[in-house]
Amino acid sequence: VSLDQGSSHTCLPPITELRTSTSRFSSGSRSPGQHTFSDIFTMGAQGYIFTLASVTLATFAVAAAVGPIPFNHVTRLTMMSVSVVPQGNGDYGLALNSSNVTAANFAAVTACARHMGGATAAPIELVVTLGLNIPVWTAIANDPATLTRFGATVVDFLEKNKLDGMNFDWEDSVDTKVYMRLLSGLRKAFTASGHKYLITVAPGWPQYPWDASAIGVVDAFDMMSYSNYLGDLTSRVQLFTQTYKIPKTMLLGAVECEPHWQGTPGWNSDSDIVEKANYAVGAKLQGMMSFRIDNDHGPWPVHPAQPTYHGANLLWSTVKNATKSPNLGGFVLNTYISLHDPFSPGQICPGLA
């Protein structure tokens, strides 16, 4: 008899022996790894697969338990994403319609994040990503009247949903001149609203350079230093501060936490996460970010994802130790989260009404 244990159930001891004797059935005393047939039903419900020769006796495909997303280990949450919707009259609206679960996930995630609270005494900052649509953004940016109306639409969306700002994860897809016209128009609308809404940007490099005109418009650049070495972060800091003349206080470094993004396992090593975090604190960057918490250090490919959150938790503990401050010394811990895929049971504040 061969017995296999799913890799997601490593908390249970491996099965080495199956006893069939009546003495084993009745004794009630078994050594670790020894199990009777009566155990099949209990253990099968935990994901074990039992085979006799080539015949499967019992197979149970049970998803591994996934704990709640540790929103209390971040200070800023960037949610992907909201889409632009043409209104038919030359104006544009916003909708959470990228998938059939985006709107429901948005409601659940924002409620859970507020309920759990962030990594400091301050409320967690909730930011939503504006989905990429180059023709629309170019048309809006190039028409001042349309941009003014769109700015009012964005403010209304942020106010209605009690959000703290908007993120632009467009990388090298949009010319910086178009980018800045759009962002400047939105900053004007945000200022007029009386709220200090955030504008955060995930910039590509170096195809479209930035410059000091971003100061006062953009609050944070989430520099995508995802490669598994510190130089990917320090070189971006050097580019932005020395060439673009943008201060370090506007910059966030980044760590990659998704499986198989670059090779196997694909995420940044623990030593790289620690090194980048300590550098960011020492260099007085605005903060650090991880990508993405909903699929952080989980098995691949698995849908829905089964993250362990190891990367985000390690980033938080490292920054906490480095800053030696209960409020992290004002250091920002940002993470991205996708709203487009179903979450595993237990990820989003179980039992929260």
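Scoring rules and cut-offs
Residues numbered from 1 in each chain as written. Predicted model: local features only at pLDDT ≥ 70, side-chain atom pairs only at ≥ 80, totals over all residues. Heavy atoms only, no water. Disulfide = S-S within 2.5 Å. Helix = DSSP H or I, 4+ residues; strand = E, 2+ residues; numbered from the N terminus. Buried < 20%, exposed > 50% of the residue type's maximum accessible area, 1.4 Å probe, protein only. Polar contact = N/O pair within 3.5 Å; in protein donor to acceptor, adjacent residues only side chain to side chain. Contact = heavy atoms within 4.5 Å. Core = buried A, V, L, I, M, F, W, Y, C linked by side-chain atoms within 4.5 Å. Phe/Tyr/Trp six-rings, centres within 6.5 Å; stacked < 30°, edge-to-face > 60°.

1. Thoughts on the state of the cysteines
Chemically, a disulfide is nothing more than a covalent bond linking the sulfur atoms of two cysteines. Counted under the stated rule, the structure contains 1 disulfide. Between C112 and C349 runs a disulfide, and the two sulfur atoms are separated by 1.9 Å. Residues C112 and C349 are joined by a disulfide whose S-S torsion is about 75 degrees; by sign, that bridge is right-handed. Here C349 lies in the segment after β14 (332-338) and C112 lies in helix α3 (residues 102-116), a separation of 237 residues in the sequence. Residue C112 shares its accessibility class with C349, and that shared class is buried.

2. Description of unusual backbone geometry
Omega for the bond connecting T264 with P265 falls within 30 degrees of zero, at 5 degrees, which places this linkage in the cis form. Residue placement: P265 occurs in the loop between β12 (251-256) and α8 (270-282). Going from H303 to P304, the amide bond is cis rather than trans, its omega being -5 degrees. The topology assignment puts P304 in the loop between β13 (287-291) and α9 (310-323). Phi is positive for K324, which is not a glycine, with a value near 50 degrees. As for its position among the elements, K324 is in the loop between α9 and β14.

3. Description of the side chain of N268
Checked against the element boundaries, N268 lands in the loop between β12 and α8. Within the structure, the side chain of N268 is placed 3.0 Å from the side chain of K276, a separation counted as a polar contact. Excluding residues that lie within four positions of it along the chain, N268 makes contacts with S225, Y226, S227, N228, A254, V255, E256, Q262, I273, K276 and H297.

4. Some points on the environment of L182
Inspection of the secondary structure assignment puts L182 in helix α6 (residues 176-193). The exposure class assigned to L182 is buried, which follows from its relative accessible area of 0%. Apart from residues no more than four positions distant in its own chain, L182 is found in contact with W137, I140, A141, L147 and W170.

5. With respect to the nonpolar core
Membership of the largest hydrophobic core comes to 84 residues, with the highest contact counts inside it found for F150, F168, W210 and F221. Setting aside residues no more than four positions away along its own chain, F168 makes contact with L130, Y179, L183, L186, I199, T200, V201 and A202.

6. Topic: the packing of aromatic side chains
Taken as a whole, this structure holds 11 aromatic pairs when the rule is applied. Relative to Y197, the ring of F190 lies with its centre 5.4 Å away and its plane at 70 degrees, an arrangement referred to as edge-to-face. F190 gets classed as buried once you look at its relative accessible area, which sits at 0%. Since its relative accessible area comes to 5%, Y197 is described here as buried. Joined through ring pairs, the aromatic side chains of W137, F150, F168, W170, Y179, W210, F221, F240 and Y244 make up one cluster.

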